[in-house]
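Notes for the structure review
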Amino acid sequence: MFKSGRFVADSLGDLRESQVQPNGVDLTLGAIYEQSEPGRIERGGKTVGDRRELEPSDGIYQLDRGGYIVEYADRVVIPDGHIGFLLPRSSLLRNSCMLDTAVWDAGYEGRGEGLLEVHHPIELEQGARIAQLVLADAAHEGTYEGSYQGENL
Ligand SMILES: O=c1ccn([C@H]2C[C@H](O)[C@@H](COP(=O)(O)OP(=O)(O)OP(=O)(O)O)O2)c(=O)[nH]1
């Protein structure tokens, strides 16, 4: 069963009321990076490639077509007994952009990252709502202890 937006908000803590939605909470845009060096994914490990941070102009990012790494401004906590899914705000889709996301594991805490696909130039304001996090009940063995635990805090 998916939890209410209020439950998700209580799990995350420090959010604006405008971020609380009926079925989840909206995450906001913290920073945007352009990858500059290749990463590597091996059988037994991985390396994230170097990136450079973009500077917004008067708080606005003007993005041309391409792929960008976004860092969310909000600290996410996935409580025990749950799994998180992050979905793009539909206004992104309606503007020819997509946010690619993965599973948020029980026990994870941090300011996560995602891949923003820009298929038509767009302007994004730092702090704008760009995605919605939902939580569902989930059985699990252990909790997240990977290398991204505590990232960007
Ligand atoms: O779109 C997403 C989805 C998840 N996460 C966070 C929460 C998740 O718990 C953590 C690790 O994700 P995943 O397990 O997919 O990463 P990995 O590449 O398998 O790394 P690790 O080996 O550290 O688990 O990253 C994000 O920042 N963005």
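Look above for the structure.
What this report covers is the structure whose coordinates are included nearby. The structure displayed is predicted, hence computed values, not measured ones.

Some points on the site of the ligand
Close contacts around the ligand come from 14 residues, with Lys46, Ala102, Asp105, Glu113 and Tyr144 the closest. Asp105 places a polar side-chain atom, nitrogen or oxygen, 2.6 Å from an oxygen atom of the ligand. One of the backbone N or O atoms of Ser147 is found 3.2 Å from an oxygen atom in the ligand. For the ligand, the protein covers 71% of the area, taking 580 Å² as the surface of the free molecule. Residue classes in the shell around the ligand are distributed as 6 nonpolar, 4 polar and 4 charged.

Some remarks on unusual backbone geometry
Of note in the backbone geometry, Asp58 takes a positive phi value of approximately 55° without being a glycine. Within the secondary structure layout, Asp58 lies in the loop between β4 (51-53) and β5 (60-63). Look at Asp58 and you get exposed, because its relative accessible area is 78%. Phi is positive for Ser96, which is not a glycine, with a value near 65°. Its location among the elements puts Ser96 in the loop between α2 (90-93) and β9 (97-100). A relative accessible area of 37% means that Ser96 is categorised as partly exposed.

Things to note about the pairing of β9
Of the two faces of β9, the one lined by Cys97 and Leu99 is fully buried and the one lined by Met98 and Asp100 carries no buried residue. In this sheet, strand β11 (residues 113-118) lies alongside β9 in antiparallel orientation, the contact comprising 4 bridges. The residue bridging Met98 from the neighbouring strand is Glu117, located in β11.

What about the nonpolar core?
Formed by 35 residues in total, the largest nonpolar core has its most connected members in Leu63, Tyr72, Leu116 and Leu133. For this core, the leading source of residues is strand β1 (residues 25-35), giving 6 residues.

Here's the deal with the packing of aromatic side chains
Per the counting criterion, the structure on display carries 4 aromatic pairs. Between Phe2 and Phe85, the aromatic rings sit 6.3 Å apart at their centres with planes inclined by 50°, giving tilted as the arrangement. Of this pair, Phe2 sits in the segment before α1 (5-12) while Phe85 sits in strand β8 (residues 82-88), placing them 83 residues apart in sequence. By relative accessible area, Phe85 is classed as partly exposed at 32%. Consider the rings of Trp104 and Tyr108, whose centres lie 5.5 Å apart with planes at 80°: the pair is edge-to-face. Of the aromatic side chains, those joined through ring pairs into one cluster are Tyr72, Trp104, Tyr108 and Tyr144. The ring of Tyr33 has Arg51 lying over it, and the distance from NZ or CZ to the ring centre is 5.1 Å.

Quick notes on the rules
Residues numbered from 1 in each chain as written. Predicted model: local features only at pLDDT ≥ 70, side-chain atom pairs only at ≥ 80, totals over all residues. Heavy atoms only, no water. Near = heavy atom within 4 Å. Polar contact = N/O pair within 3.5 Å; in protein donor to acceptor, adjacent residues only side chain to side chain. Areas by Shrake-Rupley, 256 points an atom, 1.4 Å probe, with all protein chains shown as cover. Nonpolar A, V, L, I, M, F, W, Y, C, P; charged D, E, K, R; others polar. Helix = DSSP H or I, 4+ residues; strand = E, 2+ residues; numbered from the N terminus. Buried < 20%, exposed > 50% of the residue type's maximum accessible area, 1.4 Å probe, protein only. Pairing = 2+ DSSP bridges. Core = buried A, V, L, I, M, F, W, Y, C linked by side-chain atoms within 4.5 Å. Phe/Tyr/Trp six-rings, centres within 6.5 Å; stacked < 30°, edge-to-face > 60°. Lys NZ or Arg CZ within 6 Å of the ring centre and 35° of its normal.

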